[in-house]
Amino acid sequence: MKSVLAIYPGSFDPVTNGHLDLIERATKMFDRLVVAVLRNSEKDPLFTTAERVEMLREVTKPWDNVEVDLFEGLLVQYAVQRKAQVILRGIRAISDYEYELQMALMNRRLEPQIETVFMMPGESYSYLSSSLVREISRLGGQIKGLVPPVVEQRLKAKGF
Ligand code: PNS
């Protein structure tokens, strides 16, 4: 039988419990999952790409079929290079859909053989995003329960 490799791309600045929920669901659907961090995606990142990769490696340790990698340039080129069949994206709410649809269709135009698959995280994560986590921690708010403990510790170490 064919073994399906899925790429789960993103900025992951930082990884949240919503991302982790999606990763856990995806480990059951795909034979292998590569969590791919876009190198230098943000102008003003909270964590360096190396730090994001380290945290992702730590929190994905429980799954043998998950790998964490870095990519730069076009996502579809990276997916072809990795011989992936699927690009995985999470959709939390209708507001995500328009942008995600646009990206998925553009990626399909660029590489028709790669399918984008959308999955929904658990509903308790539907309002959670890395950008809100960054803002809340910058402003001294409580982020317990929104991110894995290792991210919480890293935020504290940065003085948040
Ligand atoms: O977590 P994010 O920031 O929403 O992830 C966005 C990401 C990394 C998936 C997207 O920006 C991306 O694929 N960037 C790589 C460049 C690329 O392929 N652009 C064309 C998209 S149609």
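Rules used in this analysis
Residues numbered from 1 in each chain as written. Predicted model: local features only at pLDDT ≥ 70, side-chain atom pairs only at ≥ 80, totals over all residues. Heavy atoms only, no water. Axes fitted to C-alpha atoms, helices over the stretch in contact; angles between N-to-C directions. Helix = DSSP H or I, 4+ residues; strand = E, 2+ residues; numbered from the N terminus. Contact = heavy atoms within 4.5 Å. Salt bridge = Lys/Arg side-chain N within 4 Å of Asp/Glu carboxyl O. Buried < 20%, exposed > 50% of the residue type's maximum accessible area, 1.4 Å probe, protein only. Near = heavy atom within 4 Å. Polar contact = N/O pair within 3.5 Å; in protein donor to acceptor, adjacent residues only side chain to side chain. Areas by Shrake-Rupley, 256 points an atom, 1.4 Å probe, with all protein chains shown as cover. Core = buried A, V, L, I, M, F, W, Y, C linked by side-chain atoms within 4.5 Å. Pairing = 2+ DSSP bridges. Right-handed = clockwise from strand over helix to strand, strands pointing away.

Caption draft 1: Quick peek at the packing of helix H2 (residues 49–59) against helix H6 (residues 149–157). Close contact between H2 and H6 brings their axes to 9 Å; oriented N to C, the two are set at 150°. Contacts between H2 and H6 involve Glu-51, Glu-54, Met-55, Glu-58 and Val-59 from the first element and Val-150, Val-151 and Arg-154 from the second.

Caption draft 2: Here's a closer look at the pattern of salt bridges. Counted under the stated rule, the structure contains 15 salt bridges. Ionic pairing is found between Asp-96 and Arg-92, a salt bridge with its closest N-O pair at 3.0 Å. In this structure Asp-96 comes out as buried when scored by relative accessible area, which is 14%. Lys-156 is paired through a salt bridge with Glu-152; the nearest N and O atoms lie 3.9 Å apart. Taken together, the residues span about one helical turn, with Lys-156 and Glu-152 both in helix H6 at a distance of four residues. Of the residues examined, Glu-152 reaches a relative accessible area of 11% and is grouped as buried. Taken together, the shared-partner salt bridges in this structure form one network comprising Asp-13, Arg-52 and Arg-134.

Caption draft 3: Here's a closer look at the site of the ligand. Taken together, Pro-9, Gly-10, Ser-11, Leu-38, Phe-71, Gly-73, Leu-74, Leu-75, Arg-89, Met-103, Met-106 and Asn-107 are the residues near the ligand. In this structure, Ser-11 approaches the ligand through a side-chain N or O atom, which is 2.6 Å from an oxygen atom. Residue Arg-89 places a side-chain N or O atom 3.0 Å away from an oxygen atom belonging to the ligand. Bound to the protein, the ligand loses 72% of the 550 Å² it would expose on its own. Elements with a contribution of two residues or more to the shell around the ligand: strand E1 (5–10) and helix H4 (94–110).

Caption draft 4: Highlighting the nonpolar core. Core analysis: the largest hydrophobic core is formed by 32 residues, its most contacted members being Tyr-8, Ile-23, Leu-33, Val-35, Leu-56 and Leu-88. Counting only elements with at least two residues in this core, the list comes to E1, helix H1 (17–29), strand E2 (32–38), H2, strand E3 (66–71), strand E4 (86–90) and H6. If we skip the residues at most four places from it in the chain, Leu-33 touches Leu-5, Ala-6, Tyr-8, Ile-23, Ala-26, Asn-65, Val-66, Glu-67 and Leu-88. In terms of nonpolar packing, the next biggest core, distinct from the first, is built from 12 residues, Ala-36, Phe-71, Ala-84 and Ile-87 among them.

Caption draft 5: Main features of the sheet that holds strand E5 (residues 115–119). Strand order in the open sheet formed by five strands is E3-E2-E1-E4-E5, with parallel pairing between adjacent strands. Here the strands that pair on one side only, and so sit at the sheet edges, are E3 and E5. Neighbour-to-neighbour, the strand axes of this sheet turn through a mean angle of 30°, independent of strand direction. In this structure, E1 lies alongside E4, joined through two bridges in parallel fashion. By the bridge assignment, Ala-6 is partnered in E4 with Val-86. Packing against the sheet, H2 makes contact with E2 and E3, and its axis sits at approximately 155° to E2.

Caption draft 6: Here's a closer look at the environment of Asn-107. Checked against the element boundaries, Asn-107 lands in helix H4. Taking the C-alpha atoms as reference points, Asn-107 and Leu-75, separated by 32 residues in sequence, lie 8.0 Å from one another. Asn-107 has contacts with Leu-75, Val-76 and Ile-87, leaving out every residue within four places of it along the chain.

Caption draft 7: Structural view of the pairing of E2. E2 sits mainly inside the fold: five of its seven residues count as buried. For E1 and E2, the ladder comprises six bridges, and the chain directions are parallel. Within E2, the residue paired with Ala-6 across the bridge is Leu-33. Taken together, E1, H1 and E2 form a β-α-β motif whose crossover is right-handed.

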